[in-house]
Amino acid sequence: MPLLNKIRVRSAAHNHPVGPAPTPVWTSARIALTAFFAVDGFLFAAWVVRIPDIRAQVGASHSALGLALLCLSAGAVATMPLIGRLCVRYGSRPVTVASLAVLSLAVLLPAHTGTVPALGAALLLFGAGYGAANVSMNSAAVDLVVELRRPVMPSFHAGYSLGGLLGAAVGGLLAGSVSTAWALALSGALGLLVTAVAGAALLRTTTVPVTAAKPAPAAAVPTPRQPARNVRLLVLLLGLVALCDAYGEGALADWATLHLTDDVHASTGLAATGYAAFAFAMTAGRLGGTWLSVRAGQTRVMLFGGLTAATGMLVAALAPAVPLVLAGFVLVGLGLANIFPLAIAAAGAAGGPRGVATASTLGYAGMLVGPPVIGFLADATTLPLALTTVAAAAALAAALSLLVRPRPTAG
């Protein structure tokens with residue numbers, strides 16, 4: 001009987017382990033941070049749909065508008081490294097809240113400019129807020145990935161995509177009835193409201209910084225300890241992966257519709273569905289990104305994503321029929337969906353907020369150079385041939401994913 005009692009005690013202890021309850025998958029911090037990603041996408045889309053109105057307002061030519069838009073990019077790129085250092089010093093969550101507040105206020109500025117130089121100055125500030133928000137949010141997301149021990153980074157970027165789609169839809173609906181100034185003011189007010197509510201929830205919770213955290217599973221982020229030189233190289237390679245992904249995203253944003261109308265001879269209405277198909281596919285891919293990363297692992301998701309995007313882009317660029325082109329765009333969206341967020345997560349795991357800043361800057365540069373490179377190549381050759389460089393970039397991202405995969409460590 002004493003032996004039987006011991007067996008029962010051991011069995012009970014085995015079936016009901018003593019210890020802290022597992023961390024919920026959807027914590028208040030994760031919900032709040034997803035809201036920040038969504039409002040970031042919403043605010044950027046709210047500005048994008050009003051570009052034609054603001055261009056007419058300042059009387060800008062195509063070249064002058066291009067220079068003004070470069071100010072937005074310059075503000076973002078110049079701010080990103082600084083924000084990485086601020087996240088190290090003050091923590092990524094307070095910097096996230098402050099950055100989204102700045103972005104919500106800066107989105108109002110372009111509507112109150114009357115000249116191209118004034119628009120450039122306004123976009124410089126708007127770009128600074130946008131760059132600050134993206135680095136700080138991704139840094140906070142990397143910490144949360146480690147805390148939850150699940151590769152949930154794609155879900156945050158899915159929030160950004162959904163916010164962008166919602167912002168574009170709402171902006172399009174308001175375009176005929178609400179002035180640009182009022183539309184951007186309402187968007188900024190929504191941004192401040194979300195920042196206040198989500199920020200309070202985010203700051204109430206604490207997280208372990210990624211540099212001191214317990215290593216996450218290999219499916220989430222790479223975690224072996226490496227010399228500083230190897231860490232810098234790893235972060236640069238991951239930034240190059242993000243650049244290849246963003247190159248394709250930026251190229252399709254500007255050239256997908258034109259390819260359908262000029263090369264495949266689609267109607268204007270049908271051509272408008274080209275980028276929409278790509279954007280919806282990317283959103284859907286990111287919504288399933290965590291599930292895929294848990295089951296297949298980050299390396300496989302990035303590898304097969306790059307190969308899928310490369311195949312889809314070759315079909316979209318070279319096929320002569322509209323249905324095939326649209327199907328190709330869907331494959332590109334699904335393939336590219338999770339490469340960028342997983343690369344940023346891995347860079348953050350390796351290099352902390354500064355790693356996020358470096359990889360984000362390289363990724364943003366890819367989105368910058370994509371459209372003009374496609375344009376120059378299209379003038380020199382043809383647009384379909386120029387678009388095949390997106391396939392080459394996606395294939396390069398797939399190859400690089402094998403170089404940056406997690407390495408097993410002793411013990």
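Residues numbered from 1 in each chain as written. Predicted model: local features only at pLDDT ≥ 70, side-chain atom pairs only at ≥ 80, totals over all residues. Heavy atoms only, no water.

Colleague: Can you tell me about the overall build of the protein, naming the residues and giving the values?
Modeller: Of the regular secondary structure elements, the protein holds 15 helices and zero strands. Within the protein, the fraction of its 411 residues that count as buried is 51%. Residue pairs at least 24 apart in sequence account for 86% of intrachain contacts in the protein once pairs closer than 6 positions are excluded. Carbon and sulfur atoms form 70% of the exposed surface of the protein, whose accessible area is close to 18300 Å². (Helix = DSSP H or I, 4+ residues; strand = E, 2+ residues; numbered from the N terminus. Buried < 20%, exposed > 50% of the residue type's maximum accessible area, 1.4 Å probe, protein only. Contact = heavy atoms within 4.5 Å. Areas by Shrake-Rupley, 256 points an atom, 1.4 Å probe, with all protein chains shown as cover.)

Colleague: Summarise the nonpolar core; cite the residues concerned and give the values.
Modeller: In terms of nonpolar packing, the biggest core is built from 106 residues, with Leu33, Leu260, Met313, Phe329 and Ile374 touching the most fellow members. Discounting residues that sit within four places of it in the chain, Phe329 has contacts with Leu252, Ala256, His259, Leu260, Gly274, Phe278, Met313 and Ala316. (Core = buried A, V, L, I, M, F, W, Y, C linked by side-chain atoms within 4.5 Å.)

Colleague: How would you explain the pattern of salt bridges if you had to name every residue and give the values?
Modeller: What the rule picks out here adds up to one salt bridge. Between Asp53 and Arg50 there is a salt bridge, and its shortest N-O distance comes to 3.3 Å. Assessed through its relative accessible area of 2%, Arg50 is described here as buried. (Salt bridge = Lys/Arg side-chain N within 4 Å of Asp/Glu carboxyl O.)

Colleague: Could you give an account of the environment of Trp291, naming the residues involved and the relevant values?
Modeller: One can find Trp291 in helix 11 (residues 289-296). The spatial distance from the C-alpha of Trp291 to the C-alpha of Val152 is 8.6 Å, given a sequence separation of 139 residues.

Colleague: Tell me what's going on with the side chain of Arg286, and back it up with residues and numbers.
Modeller: Relative to the helices and strands, Arg286 resides in helix 10 (residues 268-287). Buried Arg286, no salt bridge; nearest opposite-charge side chain is Glu249, N-O distance 4.3 Å. In terms of polar contacts, Arg286 uses its side chain to reach the backbone carbonyl oxygen of Ala337, at 2.7 Å. If we skip the residues at most four places from it in the chain, Arg286 touches Pro154, Ser155, His157, Ala158, Ser161, Glu249, Ala337, Asn338, Phe340 and Pro341. (Lys, Arg positive; Asp, Glu negative; His and termini not counted. Polar contact = N/O pair within 3.5 Å; in protein donor to acceptor, adjacent residues only side chain to side chain.)

Colleague: How would you sum up the environment of Leu237? Please name residues and give values.
Modeller: Locating Leu237 in the fold gives a position in helix 9 (residues 228-262). Take Leu237: its relative accessible area is 22%, and that puts it in the partly exposed class. Taking C-alpha positions, Leu237 is 8.2 Å from Leu403, a pair spaced 166 residues apart along the chain. Apart from residues lying up to four places away in sequence, Leu237 is in contact with Leu400 and Val404.

Colleague: Would you mind going over the packing of aromatic side chains in detail, with residue names and values included?
Modeller: In this description, a pair of aromatic rings is defined by centroid distance and the angle of the planes. Tallied over the full model, the rule gives five aromatic pairs. An aromatic cluster of at least three residues, connected via ring pairs, comprises Phe44, Trp47, Phe126, Tyr130 and Tyr364. (Phe/Tyr/Trp six-rings, centres within 6.5 Å; stacked < 30°, edge-to-face > 60°.)

Colleague: Just give me the short version of the packing of helix 5 (residues 92-106) against helix 6 (residues 116-148), but keep the residues and values in it.
Modeller: With their axes 8 Å apart at the nearest point, helix 5 and helix 6 run at an angle of 150° to one another. On the basis of the axis angle, helix 5 is roughly antiparallel to helix 6. Taken as a pair, helix 5 and helix 6 cross one another with a handedness that is left-handed. Looking at the contact of helix 5 with helix 6 residue by residue, the classes come out as 13 nonpolar, six polar and three charged. (Axes fitted to C-alpha atoms, helices over the stretch in contact; angles between N-to-C directions. Parallel < 35°, antiparallel > 145°, perpendicular 65-115°, else oblique. Left-handed = near helix turned anticlockwise from the far one by under 90°. Nonpolar A, V, L, I, M, F, W, Y, C, P; charged D, E, K, R; others polar.)

Colleague: Before we move on, can you summarise the environment of Gly129 with the specific residues and values?
Modeller: Mapped onto the elements of the fold, Gly129 is located in helix 6. Here the alpha-carbon distance between Gly129 and Ser104, two residues 25 residues apart in the chain, equals 8.3 Å. Apart from residues no more than four positions distant in its own chain, Gly129 is found in contact with Ser99, Val102 and Leu103.

Colleague: Quick one: what's the story with the side chain of Thr34, residue by residue and with numbers?
Modeller: Its location among the elements puts Thr34 in helix 2 (residues 28-48). Thr34 sits in the buried class, given a relative accessible area of 15%. Thr34 has contacts with Trp26, Ser155, Phe156 and Gly159, leaving out every residue within four places of it along the chain.

Colleague: I'd like a description of the packing of helix 12 (residues 298-318) against helix 13 (residues 322-336), backed by residues and values.
Modeller: It is the contact of helix 12 with helix 13, at a shortest axis distance of 7 Å, that shows an interaxial angle of 160°. Relative to helix 13, the element helix 12 is oriented roughly antiparallel. With respect to the hand of their crossing, helix 12 and helix 13 are arranged in left-handed fashion. The residues of helix 13 that touch helix 12, namely those facing Gly305, Gly306, Thr308, Ala309, Gly312, Met313, Val315 and Ala316, are Leu324, Val325, Gly328, Phe329, Leu331, Val332, Gly335 and Leu336. Partitioning the contact of helix 12 with helix 13 into residue classes produces 10 nonpolar, six polar and no charged.

Colleague: Would you mind going over a nonpolar patch on the surface in detail, with residue names and values included?
Modeller: Taken together, Val25, Trp26 and Ile31 make up a surface patch of nonpolar side chains, about 290 Å² in accessible area. Checked against the element boundaries, Trp26 lands in the loop between helix 1 (2-15) and helix 2. (Patch = residues over 30% accessible without salt bridge, like charges linked within 9 Å, V, L, I, M, F, W, Y side chains within 5 Å.)

Colleague: Describe in detail helix 6, supporting the description with residues and values.
Modeller: In this model, helix 6 (33 residues) spans 47 Å end to end at C-alpha, consistent with the 48 Å of a helix rising 1.5 Å per residue. With 25 of 33 residues buried, helix 6 is to be regarded as a mostly interior element. N-cap assignment for helix 6: the residue whose side-chain oxygen lies 3.3 Å from the backbone N of Ala118 is Thr115. Looking one or two residues past helix 6, Arg149 carries a phi angle of roughly 55°, positive in sign. (Expected span 1.5 Å × (residues − 1).)

Colleague: Explain unusual backbone geometry residue by residue, including any values.
Modeller: For Arg149, which is not a glycine, the phi torsion comes out positive at approximately 55°. Structurally, the position occupied by Arg149 is in the loop between helix 6 and helix 7 (153-174). Judged by its relative accessible area of 37%, Arg149 falls in the partly exposed class. Phi is positive for His265, which is not a glycine, with a value near 60°.

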